Structures are given as C-alpha cells and as structure tokens.
Amino acid sequence: AGGGQGVEIFCNPDSGSIGYQLSQKLLNNIVALGRPNRGLKNAEAIDLYEYRVDAPVAYTEIDYHDSVEGCNFLLNNRESIAIAFVNAIYAQANS
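Every value quoted in this text rests on a predicted model; they were computed, and no experiment measured them.

Chemist: Any chance you could explain the environment of P36 here in plain terms?
Modeler: Within the element layout of this structure, P36 appears in the loop between α1 (18-31) and β2 (37-42). Classification of P36 by relative accessible area gives partly exposed; the value is 33%. Note: C-alpha distance between P36 and I62 (26 residues apart in sequence) is 9.9 Å. Not counting the four nearest positions on each side in its chain, P36 is found in contact with Q5, G6, V7 and V31.

Below, the structure written as structure tokens:
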C-alpha cells in the first residue's frame, strides 16, 4: 500500500439513502479544504464490516498517513476537518 492521497467515503450506494446524502455532503466539504476527491465508494461491494449496522454509514478516509503531504494536512487542519463533519451532519439533519 501507499501513495494514496485525498478523501474517499464508503456508503450505501442508494442515492436516496440518508447515508449516501450525508456522504456526498461530507465529501464536498472535505474536498473544499483542498484534498483530492477519490469519490464515494459502495460499502456493500467490499463487504465493509462497519456497514453491517442498521444506521446510515459514511465511513470516511480523510487522507493517508504514509505521505508527508497527507500527514501535514491531517495535523494542520484538524479543526477545519471537524467543522466539515459538523456542517455535513447539520445540513443533512435539516434537509
């Protein structure tokens, strides 16, 4: 492994689901912070353990720790990342 950059989110593939809608909002918010968009991924297709719950899923890979750029982004943008999550959840709750 190694060499990855950006944000990707594993979620329910049904575009009408709450998990998908939340994932799209969150993806847009984190990409707006300047990270590459690796897209929404189908959590069912990879048999993601975290997907086996009766709740919306937005399993988020924000960036990767195996590059200096990714580490610096994570370390230097903790508050902005947290705000991106809060804003996505708030927007989903009010939609």
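Chemist: Is there a simple way to explain the packing of α1 against helix α3 (residues 78-93) in this structure?
Modeler: Between two packed helices, the angle of one axis relative to the other and the distance separating the axes together describe the packing. At a minimum axis distance of 9 Å, the contact between α1 and α3 shows a crossing angle of 140°. As α1 packs across α3, the resulting crossing turns out to be right-handed. Taken together, the residues of α3 that come into contact with α1 (itself represented by I18, Q21, L22, K25, L26, N29 and I30) are A84, F85, N87, A88, I89, A91 and Q92. Residue classes in the contact of α1 with α3 are distributed as nine nonpolar, four polar and one charged.

Chemist: Looking at this model, I keep getting lost on the confidence of the model for the protein chain. Mind explaining?
Modeler: It should be kept in mind that the predicted coordinates are not to be read in detail where pLDDT is low. Model confidence for the protein chain is summarised by a mean pLDDT of 88, while 94% of its residues fall at 70 or above. Strand β3 (residues 58-61) is the least confidently modelled element of the protein chain, averaging 88 in pLDDT, while α3 averages 97, the highest of any element.

Chemist: I keep staring at the side chain of S67 and nothing clicks. Help me out?
Modeler: Locating S67 in the fold gives a position in the loop between β3 and α2 (68-76). Polar contacts involving the side chain of S67 include one to the main-chain amide nitrogen of G70, which spans 2.9 Å.

Definitions and cut-offs
All residue numbers here refer to positions counted from 1 along the written sequence of the relevant chain. Two thresholds apply to this predicted model, a pLDDT of at least 70 for residue-level local features and 80 or more for giving and counting side-chain atom pairs, whereas whole-chain, interface and lining totals are computed over all residues. With hydrogens and water excluded, all non-hydrogen atoms of the structure serve as input to the side-chain values. Elements are defined by DSSP. Helices are runs of H or I of four residues or more, strands are runs of E of two residues or more, and each kind is numbered from the N terminus. When accessible area is computed with a 1.4 Å probe and restricted to protein chains, residues below 20% of their type maximum are described as buried, those above 50% as exposed, and intermediate ones as partly exposed. Pairs of residues are marked as contacts when any of their non-hydrogen atoms sit within 4.5 Å. Angles shown run from 0 to 180 degrees and are taken between the N-to-C directions of axes, each axis being a line fitted to C-alpha atoms and, for helices, limited to the stretch in contact. The sense of a crossing depends on the near helix, which, turned anticlockwise from the far helix by less than a right angle, makes the crossing left-handed and, turned clockwise, makes it right-handed. Only Asp, Glu, Lys and Arg are considered charged, only Ala, Val, Leu, Ile, Met, Phe, Trp, Tyr, Cys and Pro nonpolar, and every remaining residue, Gly among them, polar. How sure the predictor is of each residue is captured by pLDDT, a score from 0 to 100. Two N or O atoms form a polar contact when they lie within 3.5 Å of each other; inside protein one atom must be a possible hydrogen donor and the other a possible acceptor, and for residues adjacent in sequence the pair counts only when both atoms belong to side chains.

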